[in-house]
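Structure at a glance
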Amino acid sequence: MNRSERTRLRATVALAADAIAPVWPLDTFVAVNPLLGFDALPFIEATARAAELFRAQVLPADGRSGDDARDPADRAREFVAAIGVRDTLGDWCAALGWGDAVAEIDERTGRWLAAYLDRGEAAWTMPHRARGFYAAWKRLARHECAATPNGRAYRRAIDALPDHAVDAVGANLEALGIPPERRHGYLQRHLAQCAGWAGFIKRAHDAGEDPGLDLLALLAVRTWYERCALTATARAHGVEPAFPAVRDWLLADPARVRRAREPHFERAAHDAAYARLEQREREFAASLLAVLEPRDDAAPRAVAAQFVFCIDARSEPLRRALEAEGPYETLGFAGFFGMPVRYRPFDAPHATAIAPVLLRPTREVGERPDAATARQLRRAAARTRTFDAIAGGALAHPVAAFAGVEAFGPFAALRAARQTFRAERAHAMPDDRPLQLDALPFDERVFFGEAALRIMGLTHGFAPLIVLCGHGGSTVNNAFSAAIDCGACGGNRGTINARVAADVLNAPDVRAALVARGITIPPHTRFVAAEHDTTRDAVRLVDCDDRALLAALARASDAVRAQRARALPAAPLGASDPPARAGDWAQVRPEWGLARNAAFVIGPRAFSRAADLDGRCFLHSYDAPADPDGAILEQILTAPLIVAAWINLQYFFATVDPDRFGSGDKLLQQPVGGIGVVAGNGGDLRNGLPLQSTSFGATPYHEALRLLAVVVAPRERIDAIVARQQVLQRLFDHRWVSLVAIDPGDGRAYRYAGDRAWHPHPTETPECSPTV
Amino acid sequence: MLADRLTPMKKLEIVVSGEHVGDVRDLLAEYVSGYTQIAPVSGRGHAGYHEGRLLFNDASAQAMIVTVVQPDALEPLLEGLLPLLERRSGVAWVSDVSVGRAAYFAPEQ
């Protein structure tokens, strides 16, 4: 290939990958819309396209059907037209009864990727790994068929492949006879067949994590295995293994199409399913808007403490319960508290970004323990390393493993018995060692401190105590533990962010600088951090022993726990109550997480305080009169709303197709290299929500509704923001998120109809009002 | 004349969404040794005004990449760059410039 052809092919692959959503590793599980690549299309069109590309169910009851009663000639013509549009030659093999080539390609490619992406878990690392994935594969795969009669020919064929992945993709497509005009769709379908691996590689490459692996390398290997699968089967039928020959063979006798493309997609049924979805969403919106109304307290009262909770829907029941306990106000703000940082625990080799996934934080915070604690920590780490080296080495060694099992087996058995009969402490409480903020420059502390206070609407009326409450879940033996942590912290617990924000806002020099910017925090006001454990329904205060407050928090937590326990299915053989579930190593559903989320209310708490929103709503504080130019609302709509929409759409699609857009049943999953799971022994990387996060058995617990954003702000202000933010135009105009504005003046609701048009929202409540 | 010591090159200024910067960098890798990236950038295009000032969202902000290539590299580079810009939001300008120390702009082998 010459330079022009190479560059054109690179662009073709980049564009084909637009349909693939990025995938993050499990330890920083990040919610993302699985159809993110289709957000330039209206929702109904995007889901129709995705249904065909991913062979997936995309709506609660959609237009898929296994029945295809058309004439064989019509089917054949459809197949030919679909090459490079909806099908690969691998897809053809299944339809022609030539075996499941796609599964074979997935299995063989997945095996090499799992070896390459291993994060130090395997005893033997992949040889030649430093050369990059394609080069390492080429050096090793030549031995794949060594023990077969074709071993020598196979080795020669691999050796003949070009040295660079981009050239190999070109050579393989040439050999398969795929014409240039069909390559975009052809490669897109290839990536869709392994959307998990492709999404992971795409994100990691863009983030600069591994220059040795990109989508071209993935496609070079996949198209090679496709060549192998097609060659083996096509020649057996006397057909040359290339598109033109197979096409002509098929058209010569359309009856050769043995099986219809599955699932068979019907647009009319899809449209009908979409209409049903819209109807259900209208019902939900009516029921929510019926309970959202401003309620001012009858008499002003002295506020003892203000709590700032994450916008997470799980905060809402606790906020309501806490407000009922006494003179406490609550606010909603993204759970990273406006502190986009990386965090490095003491002596840890790497820092972790604890910020929304939309950001790439560069500032790092660490820990500053005293000398004695530091010595203690280093000794403990050394002991752990030594034990791991001895035990790990003994168990990994081919010979010593036998003795290792004898030596360590009894201890492991005792541990297993203890874990079985006595729930573990799910999450060891951190020691809250002093933080090291030196790498966060003073002007940035002031900037982020001011931004956080303004966006959460806390610029005056400060209580004596302000609690910044991060959150995280507690679970053991759970590959998806990060999925129940804070999404605004990139799938991490939010406590560190809360502590950073408290440290920043308590600093006298920062407060002095804030006075110059119009925010005066009274000297007696103190910020403290806290952590809301969403699995056990408990709140821990960091460095605060206010007994009245702790008692109120305990009572509020008890109330929420009792309410939530009723929604959790009983565990016949294990612990059922929420705290015990957190420590049960056999528990596949420690909590429901964000299941049933359906709306995002952006406005003063007065609008939602009186309503029981049943944990279904994200809540963000917003005071429209304090934001005349809309600058604050713009930040809320372009960051927290997007994160909430991704969470909502992740739950939506994982519910309607748990195997394609979720990671399927937890009981069948096998962790791979610490980055994801596969079903059984191999195949595609599956990184969406597991079935147990959205459903109970075959019955969905999550209700698949698109997010309803309710914004208490003037419509003109929202219009102006949407007009200058393409990302919002796509969300609202294309109906990925429904939008309702509540006029702060008269309290009337208006539904956004697209293109900056609004209609008064119907005021009547449906007779069969669904629970909010 | 000192100007005789300059080498004619082609300058590219490319504005794309932050999420697509990586693809542009990958295309450029074969042709340039370096580039300048400016982000976020704001401005008005055929789709209206685009606000670049986003406090907590780097992915949706637009970025500008500025680089220079050898004149004979322009055509093959455009083979990949133009399809990207036709299918996605973004713009590019190409202009004639002259540079000193041309060896500094040669792509790495």
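In short, a report on the structure. (Residues numbered from 1 in each chain as written. Chains lettered and ligands numbered in written order. Predicted model: local features only at pLDDT ≥ 70, side-chain atom pairs only at ≥ 80, totals over all residues. Heavy atoms only, no water.)

**Quick look at unusual backbone geometry**
What counts, and what does not: The numbering of helices and of strands both runs from the N terminus, where a helix is a DSSP run of H or I of at least 4 residues and a strand a run of E of at least 2.
Geometrically, the link from A39 of chain B to P40 of chain B is a cis peptide bond, its omega value of -5 degrees lying close to zero. Position of P40 of chain B among the secondary structure elements: in strand 2 (residues 36-41). The phi angle at H128 of chain A is positive, at roughly 65 degrees, despite the residue not being glycine. Here H128 of chain A is to be found in the loop between helix 5 (101-116) and helix 6 (133-141). Residue D755 of chain A is not a glycine yet carries a positive backbone phi of 50 degrees.

**Some remarks on the interface of chain B and chain A**
Stated formally: Contacts: residue pairs with any heavy atoms within 4.5 Å of one another. Joining two parts hides part of their accessible area as seen by a 1.4 Å probe, and the buried area is that hidden amount summed over both. We define a salt bridge as a contact between a side-chain nitrogen of Lys or Arg and a carboxyl oxygen of Asp or Glu at a distance within 4 Å.
Chain B puts 31 residues into the contact, and the matching count from chain A is 33 residues. Here chain B meets chain A over a buried area of about 2,900 Å², counting both sides, of which 53% is carbon and sulfur. Area buried by chain B at its contact with chain A is led by E30, L55 and F56 of chain B, which between them contribute 26% of it. The interface formed by chain B and chain A holds three salt bridges in total. A salt bridge links E79 of chain B to R8 of chain A; the shortest N-O distance between them is 2.6 Å.

**Points about the pairing of strand 3 (residues 305-310) of chain A**
For a regular strand, side-chain orientation follows a simple rule: the groups alternate between the two sheet faces. Residue and element names in this part refer to chain A. In plain terms, the rule: Each residue is placed in one exposure class: buried if its accessible area under a 1.4 Å probe, protein chains only, is under 20% of its type's maximum, exposed if it is over 50%, and partly exposed if it falls in between. A pair of strands counts as paired when DSSP detects no fewer than two bridges linking them. Throughout, right-handed denotes a crossover for which the path from the first strand over the helix to the second runs clockwise when the strands point away from the viewer.
With six of its six residues buried, strand 3 lies for the most part within the structure. Bridging between strand 3 and strand 4 (residues 328-333) involves six bridges; their strand directions are parallel. Within the sheet, the bridge partner assigned to F309 lies in strand 4 and is G332. The β-α-β motif built from strand 3, the intervening helix 14 (residues 315-323) and the parallel element strand 4 has right-handed crossover chirality. Judged from the five bridges that link them, strand 3 and strand 9 (residues 465-472) form a sheet pairing that is parallel. Paired with A305 across the bridge in strand 9 is L465.

**Remarks on the packing of helix 15 (residues 371-396) of chain A against helix 16 (residues 400-421) of chain A**
Two packed helices can be described by the angle between their axes and the distance between those axes. Residues and elements named next belong to chain A. The condition is simple: In this analysis an axis means a line fitted to C-alpha atoms, helices contributing only their contacting stretch, and an angle means the value between N-to-C directions, from 0 to 180 degrees. Reported orientations rely on four angle classes, namely roughly parallel under 35 degrees, roughly antiparallel over 145, roughly perpendicular from 65 to 115, and oblique for the rest. All amino acids are sorted into three groups, where Ala, Val, Leu, Ile, Met, Phe, Trp, Tyr, Cys and Pro are nonpolar, Asp, Glu, Lys and Arg are charged, and the leftover types, Gly among them, are polar.
Contact pair helix 15 / helix 16: the axes reach a minimum separation of 6 Å and the direction vectors enclose 125 degrees. When the interaxial angle is binned, helix 15 and helix 16 end up oblique. Together, F387, I390, A391, A394 and L395 of helix 15 and A400, A401, G404, V405 and F408 of helix 16 make up the contact between the two elements. Residue classes in the contact of helix 15 with helix 16 are distributed as nine nonpolar, one polar and no charged.

**Observations regarding the pairing of strand 19 (residues 738-742) of chain A**
All names here are of chain A. Burial analysis of strand 19 places five of its five residues in the buried class, the great majority of the element. Going residue by residue along strand 19, you find S738, V740 and I742 tucked away on one face and L739 and A741 tucked away on the opposite face as well. With five bridges joining them, strand 18 (residues 708-712) and strand 19 adopt parallel strand pairing. Following the sheet pairing, L708 is matched in strand 19 by S738.

**Here's the deal with the side chain of T88 of chain A**
Residue and element names in this part refer to chain A. Looking at the element boundaries, T88 is found in the loop between helix 3 (72-82) and helix 4 (89-95). Judged by relative accessible area, T88 falls into the buried class, the value being 0%. Beyond its immediate sequence surroundings of up to four residues, T88 is in contact with I83, Y186, R189, H190, Q193 and E226.

**Considering the environment of A305 of chain A**
Residues and elements named next belong to chain A. On the secondary structure map, A305 appears in strand 3. Separated by 289 residues in the primary sequence, A305 and L594 have C-alpha atoms spaced 27 Å apart. Contact partners of A305, with chain neighbours within four places excluded, come to P327, Y328, E329, A463, L465 and L549.

**Looking at the packing of helix 5 of chain A against helix 6 of chain A**
Residue and element names in this part refer to chain A. Quick note on the threshold: For a crossing to be left-handed, the near helix must be turned anticlockwise from the far one by less than a right angle; the clockwise case is right-handed.
Running from N to C, helix 5 and helix 6 point in directions that differ by 115 degrees, and their axes come no closer than 11 Å. Crossing geometry of helix 5 relative to helix 6 is assigned as right-handed. Here W112, L113 and Y116 of helix 5 lie close against helix 6, whose contacting residues are F133, W137, L140 and A141. Across the contact of helix 5 with helix 6, the residue classes tally to seven nonpolar, no polar and no charged.

**Brief notes about the state of the cysteines**
Residue and element names in this part refer to chain A. Heads up, the rule is: When the sulfur atoms of two cysteines come within 2.5 Å, that pair is taken as a disulfide.
Tallied over the entire structure, the rule returns zero disulfides over all chains. Looking at the unpaired C469, the closest cysteine sulfur is the one in C310, lying at 9.5 Å. Residue C486 stays outside any disulfide, its sulfur separated by 3.5 Å from that of C489, the closest cysteine.

**Observations regarding the packing of aromatic side chains**
All names here are of chain A. For clarity, the cut-off: Pairing of aromatic side chains here covers Phe, Tyr and the six-membered ring of Trp, requires ring centres within 6.5 Å, and sorts the geometry by plane angle: under 30 degrees stacked, over 60 edge-to-face, intermediate tilted.
Applying the stated criterion across every chain, the model contains 22 aromatic pairs over all chains. With a centroid separation of 6.3 Å and 70 degrees between ring planes, the pair formed by F38 and F54 is classed as edge-to-face. One end of the pair, F38, is in the loop between helix 1 (3-16) and helix 2 (43-54); the other, F54, is in helix 2, and 16 residues separate them in sequence. Judged on exposure class, the residue F38 and its partner F54 are both buried. Ring plane angle 25 degrees and centroid distance 6.2 Å describe the contact between F43 and F653, whose orientation is recorded as stacked. Here the residue F43 occupies a position in helix 2, and F653 occupies one in helix 23 (residues 640-656), the gap between them amounting to 610 residues.

**Quick notes on the nonpolar core**
Keep this limit in mind: Nine residue types can take part in a nonpolar core, namely buried Ala, Val, Leu, Ile, Met, Phe, Trp, Tyr and Cys, and a core is a set of them joined through side-chain atoms within 4.5 Å.
In terms of nonpolar packing, the biggest core is built from 220 residues, with F54, W137 and F653 of chain A touching the most fellow members. With sequence-adjacent residues up to four places away left out, W137 of chain A is seen in contact with W112, M126, I158, L161, V221, W224 and Y225 of chain A. Ranked by size, the runner-up nonpolar core spans 22 residues in total, among them A14 of chain A together with V32, A63 and L81 of chain B.

**What to know about the sheet that holds strand 21 (residues 757-760) of chain A**
All names here are of chain A. Spatial strand order, 13-12-18-19-20-21: six strands in an open sheet with mixed pairing. Of all strands in the sheet, those bounded by a partner on one side alone are strand 13 (617-620) and strand 21. The average undirected angle you get between the axes of adjacent strands in this sheet is 25 degrees. The pairing of strand 12 (residues 599-602) with strand 13 spans four bridges and is parallel. Residue F600 lies in a different strand from strand 13, and its bridge partner there is F618.

**Topic: the environment of R385 of chain A**
Residue and element names in this part refer to chain A. Within the fold, R385 resides in helix 15. Given a relative accessible area of 57%, R385 falls into the exposed group. Taking C-alpha positions, R385 is 20 Å from D118, a pair spaced 267 residues apart along the chain.

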